[in-house]
Amino acid sequence: MAVVVMKFGGTSVANIERIRNAAKHVKREVEAGNSVAVVVSAMAGTTNQLVEWVREASPMHDAREYDAVVATGEQVTAGLLAIVLQGLGISARSWQGWQIPITTSQAHGSARIEAIDGSEILQRFEHGEVAVVTGFQGREPERNRIATLGRGGSDTSAVAVAIALKADLCDIYTDVEGIYTTDPRVVSKARRLNKIAYEEMLEMASLGSKVLQTRSVELAMVHGMRTRVLSSFADPESQQPVRAGMNDYDVGTIVCDEDEILEAQVVSGIAYAKDEAKVTILGVADKPGVAASVFGPLADAAIDVDMIVQNLSSDGMRTDMTFTVQATQLDKALAVINQARGTIDFEEIKSSADVVKVSVIGIGMRSHAGVAAKMFKALSEKNINILAITTSEIKISVLIDSAYAELAVRTLHSVYGLDDD
Ligand code: ADP
Ligand code: ASP
Ligand code: MG
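All values derive from a computational prediction rather than experimental measurement. One numbering rule holds for all chains: residues counted from 1, following each sequence as written. Chain A is the first chain written and ligand 1 is the first ligand written, with later ones labelled in order. Only residues with pLDDT of 70 or above have their local features reported here, since the model is predicted, and side-chain atom pairs are shown and tallied only from 80 upward, although totals for entire chains, interfaces and linings are computed over all residues. Values shown for side chains rest on all heavy atoms present in the structure; no hydrogens or waters enter the calculation.

What follows deals with the overall build of the protein. When you go through the protein residue by residue, the secondary structure sums to 13 helices and 20 strands. Both definitions apply: the radius of gyration is a C-alpha atom measure, and the globule rule equals 2.2 Å times residues to the power 0.38. In terms of overall dimensions, the protein is globule-like: its C-alpha atoms have a radius of gyration of 23 Å, near the 22 Å expected for 421 residues. Taken along its principal axes, the extent of the C-alpha atoms in the protein is 80 × 50 × 30 Å. Should any heavy atoms of two residues lie within 4.5 Å, those residues are considered in contact. A fraction of 75% describes how many contacts in the protein between residues 6 or more apart in sequence connect residues 24 or more apart. Accessible area for the protein stands at about 19100 Å²; split by element, carbon and sulfur atoms hold 48% of it. Residues counted as positive are Lys and Arg, residues counted as negative are Asp and Glu, and His and the chain ends are not counted. In this description, the location of a charge corresponds to atom NZ of lysine, CZ of arginine, CG of aspartate or CD of glutamate. Of the charged side chains in the protein, 40 are positive and 55 negative, and the gap between their average positions amounts to 2 Å. Under the scheme used here, helices are H or I runs from DSSP no shorter than 4 residues and strands are E runs no shorter than 2 residues, and both carry numbers assigned from the N terminus. For every accessible area listed, the method is Shrake-Rupley and the probe measures 1.4 Å; residues are considered covered only by the protein chains on display.

Structure below.
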């Protein structure tokens, strides 16, 4: 017997028929004798609609009330799934974040889970009851308000619940068959991976592969929670149930420790992020302290700077500096720089949100040279200009014009031998 957490994303619970299908996956696990907690997202499109209504009501809305509104989507699906499960003769009960409770920080709209009391759910497991838990939300104890975890946060709820219940496996059911070498909706030759290391998935997610929320991978990595991504659309009956101690499954992708991955590829995946924007400050004085005068005020305004390029000045007097920020923070960043104009001393500022960050990721890079050179050559052969570069031990990212995003991803996917043929 195993303890299993099963998370169903928005498209997997988009209507009653899909909810019935999700329930069949749950039934299979229950009939195999497993204890099951299900974590659900809002029905596809619901959270977007709720966010839109809040913005329409007031662009400058109260963050606590935003959470009160957007957390409701998950409540609907949790209740509906419990009803459908009961109809199948399975004992099931829905749980909202505050009822468990799932305790969070005070950062409304992007709260972090701080604790989960799994005792009541565990107690009810003894009687074979399935817990259907709302993803994406919890309770912030200081002011006793509902808080949400940021978009895509149900993945994080699922991993956190799995950790609290000491689950054998955290299964994330979605609309693709697992984690692919790159987004399968963009590159038709993308290949499903059987396993991917926590560290690689963490880079993939934070560099734009939204198949798992970054925070969920971080949590899974810290707690060693094996997490599998698989399709909810596959036939529920033909699939094998989860078994305690079983490490390999024939469907989905398991995010696990890198020791389990026998043949690590040099490059395992390619990610891209379209939500970056580029700022170039032209003619900044080339003297000590100038970087501090630019990035100090940005940090004070809580603007995260990602890539930075500073050119050498030809005359030793003035130079250009380029950096990237989240596109949503571009206007704020420009305002901060313009305000600090007196201390920074520059001639002109330019910006563009028509950029994309493309990254190649792989733990095998640690022991292989030449990965970056191959990337730069492949892009130059396609006449794609690189605007900025950053690297770490297991990834290389380049910033390019967004018009070339798909071409770059497809080219790199093929150059690193990832194409499925
Ligand atoms: P859910 O609603 O189930 O949470 P998401 O839309 O958040 O689903 O995540 C699944 C989507 O992630 C897929 O439809 C796919 O387009 C996208 N995706 C991006 N990169 C990858 C990748 N490397 N592997 C698989 N899916 C990816
Ligand atoms: N419903 C929330 C969202 O759309 C959380 C999730 O689906 O993970 O962001
Ligand atoms: Mg998601």
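A few words now on the site of ligand 2. What makes a residue near a molecule or strand is one non-hydrogen atom of that residue sitting within 4 Å of it. Around ligand 2 lies a shell formed by Ser41, Ala42, Thr47, Glu74, Phe136, Arg151, Gly152, Gly153 and Ser154. Residues adjacent in sequence count toward polar contacts only when both atoms are side-chain atoms; beyond that, a polar contact is any pair of N or O atoms within 3.5 Å, and within protein one must be able to donate a hydrogen and the other to accept it. Backbone polar atom of glycine 152 to an oxygen atom of ligand 2: 2.8 Å apart, as the coordinates give it. Here an oxygen atom of ligand 2 and a backbone polar atom of glycine 153 are 3.4 Å apart. In isolation ligand 2 has 260 Å² of accessible area, and contact with the protein removes 86% of it. Charged residues are taken to be Asp, Glu, Lys and Arg, nonpolar residues to be Ala, Val, Leu, Ile, Met, Phe, Trp, Tyr, Cys and Pro, and polar residues to be all remaining types, Gly included. Partitioning the shell around ligand 2 into residue classes produces 2 nonpolar, 5 polar and 2 charged.

Once that is clear, we can look at the sheet that holds strand E2 (residues 35-40). Read from one edge of the open sheet, 8 strands run E3-E6-E2-E1-E9-E11-E12-E10, paired in mixed fashion. This sheet does not close on itself; its edge strands, each paired only once, are strand E3 (92-95) and strand E10 (195-197). Mean inter-strand twist for the sheet, computed between neighbouring axes without regard to direction, equals 20 degrees. Both strand E11 (residues 227-231) and strand E12 (residues 253-256) contribute to a ladder of 3 bridges, which runs antiparallel. Only strands joined by at least two bridges in the DSSP assignment are considered to pair. Helix axes are fitted only over the stretch in contact, all axes being lines through C-alpha atoms; the angle between N-to-C directions runs from 0 to 180 degrees.

A separate point is the site of ligand 1. Looking at ligand 1, there are 17 residues lining it, with Thr174, Asp175, Tyr180, Asp183 and Arg185 nearest. Residue lysine 7 places a side-chain N or O atom 3.2 Å away from an oxygen atom belonging to ligand 1. Residue arginine 185 places a side-chain N or O atom 2.8 Å away from an oxygen atom belonging to ligand 1. Taken together, the residues of the shell around ligand 1 sort by class into 6 nonpolar, 6 polar and 5 charged.

Before going further, it helps to examine the packing of aromatic side chains. Note on ring pairs: Phe, Tyr and Trp rings are taken, using the six-membered ring of Trp, and paired if centres are within 6.5 Å. Classes follow the plane angle, with under 30 degrees stacked, over 60 edge-to-face and the rest tilted. A full pass over the atoms with the stated rule returns 2 aromatic pairs. Taken together, a centroid distance of 4.7 Å and an interplanar angle of 20 degrees make the contact between phenylalanine 8 and tyrosine 173 stacked. Taken together, the residues span a long stretch of sequence, with phenylalanine 8 in strand E1 (residues 3-8) and tyrosine 173 in strand E9 (residues 169-174) at a distance of 165 residues. Burial here depends on accessible area, computed with a 1.4 Å probe over protein chains only, as a share of the maximum for the residue type. Under 20% is buried, over 50% is exposed, and the range in between is partly exposed. We classify phenylalanine 8 as buried; its relative accessible area is 0%. A residue is classified by how much of its surface remains accessible, and tyrosine 173, at 0% relative accessible area, is buried.

What follows is about the packing of helix H9 (residues 290-300) against helix H10 (residues 330-339). Where H9 meets H10, the axes come as close as 9 Å, and the angle between the chain directions of the two elements is 130 degrees. On the basis of their axis angle, the class for H9 and H10 is oblique. With respect to the hand of their crossing, H9 and H10 are arranged in right-handed fashion. For the pair formed by H9 and H10, the contact residues are Val294, Pro297 and Leu298 on the first element and Ala333, Val336 and Ile337 on the second. Along the lines of polarity and charge, the residues of the contact of H9 with H10 split into 6 nonpolar, no polar and no charged. In what follows, roughly perpendicular refers to angles from 65 to 115 degrees, roughly parallel to angles under 35, roughly antiparallel to angles over 145, and oblique to any angle outside these ranges. Crossing handedness: left-handed means the near helix sits turned counterclockwise from the far one by under a right angle, and right-handed means the same turn made clockwise.

Before going further, it helps to examine the environment of aspartate 171. As for its placement among the helices and strands, aspartate 171 is situated in strand E9. Between the C-alpha atoms of aspartate 171 and methionine 1, which are 170 residues apart in sequence, the distance is 16 Å. In this view, aspartate 171 contacts Val4, Val5, Met6, Lys7, Arg228, Leu230 and Val242; residues no more than four positions away in its chain are not counted. Here arginine 228 takes part through its side chain, which lies 2.7 Å from a polar atom of the side chain of aspartate 171.

Within soluble globular proteins, side chains that are nonpolar generally end up buried alongside one another. In terms of nonpolar packing, the biggest core is built from 42 residues, with Val5, Val133, Leu165, Cys170, Ile179, Met201 and Leu212 touching the most fellow members. Mapped onto this core, the elements with two or more residues apiece are E1, E2, helix H5 (119-125), strand E6 (130-134), helix H6 (154-164), E9, helix H7 (198-206) and helix H8 (214-223). Ignoring anything within four residues of it in the chain, the contact list for valine 133 reads Val38, Val39, Val40, Trp95, Ile100, Ile102 and Ile121. One finds Ala2, Met6, Val36 and Tyr173 within the second-largest nonpolar core, a separate group that totals 33 residues. Only buried Ala, Val, Leu, Ile, Met, Phe, Trp, Tyr and Cys residues count toward a nonpolar core, and they belong to the same one when joined by side-chain atoms within 4.5 Å.

Moving on, we get to H6. Where burial is concerned, most of H6 is hidden: 9 out of the 11 residues are buried. Those residues of H6 that sit buried are Ser154, Asp155, Thr156, Ser157, Ala158, Val159, Ala160, Val161 and Ala162. Downstream of H6 by one or two residues, lysine 166 has phi in the positive range, about 50 degrees.

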